[in-house]
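One-letter residues, chain by chain:
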Amino acid sequence: MVKFSKQFEGQLIPEWKEAFVDYWQLKKDLKKVQPLNNTNNTPNKHQTSSVPMYIISSLRNYSLFGHQHREVALVFFQVHRKLASSSSEGDMYETELLEQFADTDATKEFFACLDQQLNKVNNFYRTKEKEFMDRGDSLKKQMDILLELKLTFKEQQGKGGSSKDSKEDQSIHCTFSNEEDSVRNRGQQEEMQDTTSTDDSEKSEVPFSDSPRSDETGKSIQIKREDGKLRTPSGRIINCQGKNVKINIPLTTPSRTFSAISYLVREDLLNQSSRKCGPEGGKIHLNRTKLHHAEKMIKGGFIELYKGLGYLKVYRNLNMLAFKKILKKFDKVTEKQILPIYLKVVESTYFNSSDKVMKLADEVEELFIKKFADDNRRKAMKYLRPSQRKESHAVTFFIGLFTGCLLALLAGYVIMAHLTGLYRRQKTSVYMETVYPVLSMFSLVFLHFFLYGCNILAWRKTRINYSFIFELAPTKELKYRDIFLICTVAMTAVVGVMFLHLTLLTKGYSYAQVQDIPGLLLLVFSLVLVCPFNIIYRSSRYRFLCVIRNIILSPLYKVLMLDFFMADQLCSQVPMLRNLEYVACYYITGSYKTENYGYCMRKKHYRDLAYAVSFLPYYWRAMQCARRWFDEGQTSHLVNLGKYVSAMLAAGAKVAYEKDGSIGWLCAVVIMSSAATVYQLYWDFVKDWGLLQMNSKNPWLRNELMLRRKGIYYLSMGLNLLLRLAWLQTVLHSSFENVDYRVTSLFLAALEVIRRGLWNFYRLENEHLNNAGKFRAVKIVPLPFHEVDEED
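Cut-offs applied
Residues numbered from 1 in each chain as written. Predicted model: local features only at pLDDT ≥ 70, side-chain atom pairs only at ≥ 80, totals over all residues. Heavy atoms only, no water. Axes fitted to C-alpha atoms, helices over the stretch in contact; angles between N-to-C directions. Helix = DSSP H or I, 4+ residues; strand = E, 2+ residues; numbered from the N terminus. Parallel < 35°, antiparallel > 145°, perpendicular 65-115°, else oblique. Nonpolar A, V, L, I, M, F, W, Y, C, P; charged D, E, K, R; others polar. Phe/Tyr/Trp six-rings, centres within 6.5 Å; stacked < 30°, edge-to-face > 60°. Lys NZ or Arg CZ within 6 Å of the ring centre and 35° of its normal. Disulfide = S-S within 2.5 Å. Buried < 20%, exposed > 50% of the residue type's maximum accessible area, 1.4 Å probe, protein only. Contact = heavy atoms within 4.5 Å. Core = buried A, V, L, I, M, F, W, Y, C linked by side-chain atoms within 4.5 Å. Salt bridge = Lys/Arg side-chain N within 4 Å of Asp/Glu carboxyl O. Patch = residues over 30% accessible without salt bridge, like charges linked within 9 Å, V, L, I, M, F, W, Y side chains within 5 Å. Areas by Shrake-Rupley, 256 points an atom, 1.4 Å probe, with all protein chains shown as cover. Lys, Arg positive; Asp, Glu negative; His and termini not counted. Charge placed at Lys NZ, Arg CZ, Asp CG, Glu CD. Expected span 1.5 Å × (residues − 1). Left-handed = near helix turned anticlockwise from the far one by under 90°.

Caption draft 1: Expanded view of the packing of helix α24 (residues 604-632) against helix α25 (residues 635-660). In contact at an axis separation of 8 Å, α24 and α25 are set at 175° when each is read in the N-to-C sense. It follows that α24 is roughly antiparallel to α25 by the angle criterion. Tallied by class, the residues present in the contact of α24 with α25 amount to 16 nonpolar, five polar and five charged.

Caption draft 2: Region of interest: the packing of aromatic side chains. Under the counting rule described, the total for this entry stands at 40 aromatic pairs. Arranged with centres 6.0 Å apart and planes meeting at 90°, the rings of W16 and Y315 form a pair that is edge-to-face. A residue pair is termed long-range when its members are at least 10 positions apart, and W16 in the loop between α1 (4-11) and α2 (23-31) and Y315 in helix α7 (residues 288-334) qualify at 299 residues. Here a set of aromatic residues connected by ring pairs shows up, and it is made of F4, F8, W16, F20, Y23, W24, F124, Y311, Y315 and F775. A cation sits over an aromatic face here: R126 above Y350, 4.0 Å from the ring centre. Sitting over the ring of W683, K687 keeps its end group 5.8 Å from the ring centre.

Caption draft 3: Inspection of the state of the cysteines at higher detail. Counted under the stated rule, the structure contains one disulfide. Between the sulfur of C585 and that of C600 lies a disulfide, 1.9 Å long from S to S. As the torsion about the S-S bond is roughly -100°, the C585-C600 disulfide counts as left-handed. In this pair, C585 is assigned in helix α21 (residues 574-588) and C600 in helix α23 (residues 599-602), connecting sequence segments 15 residues apart.

Caption draft 4: How the structure looks around unusual backbone geometry. Here the phi dihedral of E335 falls at roughly 60°; this positive angle occurs in a residue that is not glycine. With respect to the helices, strands and loops of the structure, E335 is situated in the loop between α7 and α8 (339-348). Judged by its relative accessible area of 55%, E335 is exposed. Of note in this structure, D375 is not a glycine but carries a positive phi near 60°.

Caption draft 5: Examining the environment of R578 more closely. Following the sequence through the fold, R578 ends up in helix α21. By relative accessible area, R578 is classed as partly exposed at 26%. As for R578 and L609, which are separated by 31 residues in sequence, their C-alpha atoms are 9.3 Å apart. Those residues in contact with R578 that sit more than four places away from it in its chain are Y606, A610, V613, S614, V655 and E658.

Caption draft 6: Region of the structure containing the nonpolar core. Counting 78 residues, the largest nonpolar core has Y431, F442, W459, F470, L502 and L764 as its most contacted members. With 12 residues, the top contributor of residues to this core is helix α16 (residues 480-506). Setting aside residues no more than four positions away along its own chain, Y431 makes contact with Y413, L422, Y423, Y436, H501, L502, L505 and Y511. Within the second largest apolar cluster, 72 residues are counted, among which are L312, L318, F351 and L783.

Caption draft 7: Looking closely at the pattern of salt bridges. The full count for this structure, using the stated rule, is 22 salt bridges. Between K128 and E131 there is a salt bridge whose closest N-O contact spans 3.2 Å. A residue pair is termed a helical-turn pair when its members lie 3 or 4 positions apart in one helix, as K128 and E131 do in helix α4 (residues 104-159) at three residues. Since its relative accessible area comes to 7%, K128 is described here as buried. On the basis of relative accessible area, E131 is assigned to the partly exposed category, the value being 39%. Three or more residues are tied together by salt bridges with common partners; here these are D684, R724, E752 and R755.

Caption draft 8: Layout of a positive patch on the surface. Where like charges cluster on the molecular surface, the positive patch consists of K3, K6, K28, K31, K325, K328, K329, K332 and R708. Of all the secondary-structure elements, those providing two or more residues to the positive patch are α2 and α7. Counting residues per element, the positive patch draws most heavily on α7, at four residues.

Caption draft 9: Quick look at helix α19 (residues 538-552). When the terminal C-alpha atoms of α19 are compared, their 21 Å separation across 15 residues agrees well with the 21 Å that a helix rising 1.5 Å per residue should span. Buried positions along α19 lie against α18 (516-529), α20 (561-571) and α24.

Caption draft 10: The arrangement of the side chain of E752 in detail. Positionally, E752 belongs in helix α29 (residues 741-773). Given a relative accessible area of 19%, E752 falls into the buried group. For E752, the residues in contact, after removing those within four places along its chain, are S572 and L723.

Caption draft 11: Structural context of a nonpolar patch on the surface. On the surface, a cluster of nonpolar side chains totalling about 580 Å² of accessible area is made up of L520, L523, L527, L529, V530, F544 and L545. Of all elements in the fold, only α18 and α19 reach the threshold of two or more residues within the nonpolar patch. No other element matches α18, which puts four residues into the nonpolar patch. Of note, L523 is situated in helix α18.

Caption draft 12: How the structure looks around the environment of K27. By the element assignment, K27 lies in helix α2. By relative accessible area, which is 24% here, K27 ends up partly exposed. In this structure the C-alpha to C-alpha distance between K27 and F330, which are 303 residues apart in sequence, comes to 9.2 Å.

Caption draft 13: Expanded view of α29. Along its 33 residues, α29 runs 48 Å from first to last C-alpha, staying within 8% of the 48 Å computed at 1.5 Å per residue. Positive phi shows up at F775, right after α29, with a value of about 55°.

Caption draft 14: Just the packing of α20 against α24, in detail. Contact pair α20 / α24: the axes reach a minimum separation of 8 Å and the direction vectors enclose 155°. On the basis of the axis angle, α20 is roughly antiparallel to α24. The chirality of how α20 crosses α24 is left-handed. Only P617, Y618, W620, R621, Q624 and R628 of α24 make contact with α20, whose side of the interface consists of D563, F564, A567, D568, L570 and C571. Split into classes, the residues belonging to the contact of α20 with α24 amount to seven nonpolar, one polar and four charged.

Below, the structure is given as C-alpha cells:
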C-alpha cells in the first residue's frame, strides 16, 4: 500500500507545492511528541472557566457488548480566531493547550506548526479565489462586448443584404484618434499563441475590407454607432455603454506583424490626413476576422480559468485530507481524540466553507457550452476537461523488440564495416563522402530525440511541469515511451538500410547501382514528416513543423517557450545541418548518378551556403531575442542576443579556417571561440540554470533545488564546461589513430548533443521554479478588450 505522503506529493499541483500543507514538516514535529501518561488526563478547572472560547470533547469507549467504560478521555484546547482587520486579509487561527501533555513543548510546537499551515492554506485559497473571481468577471465583460460587436455586424449585414452584387465587405466603419499607447507595454502580459495562420483564417472567413492600421499597434479608434461609441481591435479604444475599452490583438503571425509595421510607417501620413480632414478624416474597418481572433482569445481565457478553478478544488480537497491524516497520526501517538475536534475548526475555515469556486465553475461550464459549443455539452467538455491519452503496454513491448533488432543490426553493420575497412583513413572514399553523412545525420537527430525522451522521464520523476511550460495539449503530447518507440523504430530502419547497402557493396554491386538507396531513405523520412494523413503521430508532426516555421520566420512570429527552446536545440545540430546540406546537394544535382561527390564542394554557391548553414541557427535565435525585446522591452534579451552573435562569429571563423587553414584564421578561431565560450558558460550557469548565486543557502547553487543530491549540480556544471570546450579539437586536430576524421567529427558532435540534453533538464527546472515562485499553474491568456480612462 502506497503511503499517503507519496500519494500527496504525486497529486498536488507542482507550482503550488509551497502553498500546500507541509505534511512532511508536520510529521517531523509529530515524531518529537511523546505518548501521553494517563495520569495527566485531569483538566485544569481554573483554565476551563477562564477561557472565553473552548472546545471540549467527551468521548466514551464502548466494549463489544455495549457496556460503557468509566474511563473518560477529555481533551481541552482552545482555538483563537483573530478576525481580520480588512476584507483582503484572512482570519488567523491559533491553538492554546488547556492541559498538560507528556511532552508539552513538543506538542505546542506541533500545534504552532499546524496553525501556521492552516493559516497559510486559508490565505492562499482566499488570494487565488479572488484572482479567479476577478478573472471570471473580466471574461464575462469581454463576452458582453464581443456579443454586442457581433450584433452590430448582423445588423449591418441585414441592411446590406439586398445588394447581392456588392463586393464590398460588411464591416463597422471607424475613425481614429491620435492617442498614443506604446506597443511594448502590451508585452507585459503573456500572449496566447495563434496556431492558425492568419492568411488561412482570413480565407475561411467572408472577405472584408481591412486596413493595416486595424491590426496590432496600440492606437485609439472610435466606432460610430447611434446608441454609443465603440472602438476596434489591436490596441484601440471603444466607448461601449459609457465605458472606454481598449482592444488588443497580439502580434502572433507575420501578416499581423507586417500590418503593424506598415501602420508605424504610415502613422505620420495618417496624422497629417486627420489634421486636414478633421477628426473624422481617417477611416478603417473592423471586420469579422478581427472579431474571430478576439473570440478565440476569450475562449482560451475561459478554458484556462476553468482549469485554474479545477486546480483550486484539488487544492482544497488534498489539504483537507492532509489535515485529517496528520491529526489521525497525532491521536495514535498521544492516545487523544483530537481529530474530530480540530477538524471542526478546519472545516469551518474559509478555504473549506467557501462555495464561490464551485458556483463560478458551474457558471463557466454553462456559458462555454452555450456560447462556444452550440449547446453541445460533450463538445464543450473536450475543451474544458481534456482526457489524458492512455499509455499502452504494447508500446513498451515494441520498444524492447525494436531495441533488440537495432542492437543486432548495428553489431552486424560495425563488424562488416570493420572487415571492409571503410572507416580507416583514406585519401578518397566514396562511401565516407556520400553514404556516411546520411548515417551521421540520422544518428545525431535521433540521439537528440532519445535524450529528449530521457529529459521527459526525468522531468516527470522530479515533478517538473514541462507540459505547462511548453503549452502542450494533454491529449496530443508525446510521452517518453512514444519517443523511445519512434527512436528505436527509426534507427532500426536506418541501420537496416545501411546494412543492406553495405551488404550489396560487398557482393560486388557498384556504387552507381546502389547509390540511390540512402537518398530514398532520406526521401521516405521526409515524406513521413509531412504526411497529411492521421497516422504516425500527425498532431506532433504538425506541431513540430509549425515550430520550425516559427523559427525560420522568427522575427515575424511571437516567440513562445517551445519556439526558442527548439531553436536552442538547432544550435547544437550544426553538424547535422551541414550534412543535410551536402546530402541534399548531392542528390538534387544528380551527382549520385555520376559518382561525382566533389561537385558540390567545388561550387562557390555551395561553399557560401556552408557559411550560412554554420551560423543560421544562431541567427534565428538572435532574431528571437530581438523579437522578445521588441515585445517585452527587457534589455536582458539584447544581452542574450549578443551571446548568439558571438557564437555566429566563432562559427564563421571556424568554417573559414577549415577552408583556408592559415595561422591568421587559427588565431581568429581561438579568440572568438574563447570569448563565445565564456559568454555561453556564464549564460548557462547564471541565466538559464539559475545557479552560481553567491547568497544562496546552497553554495554556488540556488536556494530551491529539485534534485536532492547537490553533487549532481556540481558534476553537471563541470561536464558542461568540458563539453563546451569541444571546439579545441579544431585547433588540436585530435583523432583516433587510424580512424577517419569524419568519425571523430561525429563523436564530437554527439558530445555536443549530450551536453544539450543535460542543459535541457536544468533549463526547464529553472523555468519551473520561476513559475512555482510566482504560483503560476495556468496560462495567462491576454484578453482583447481592456477598460481605460477617458484621458488615456
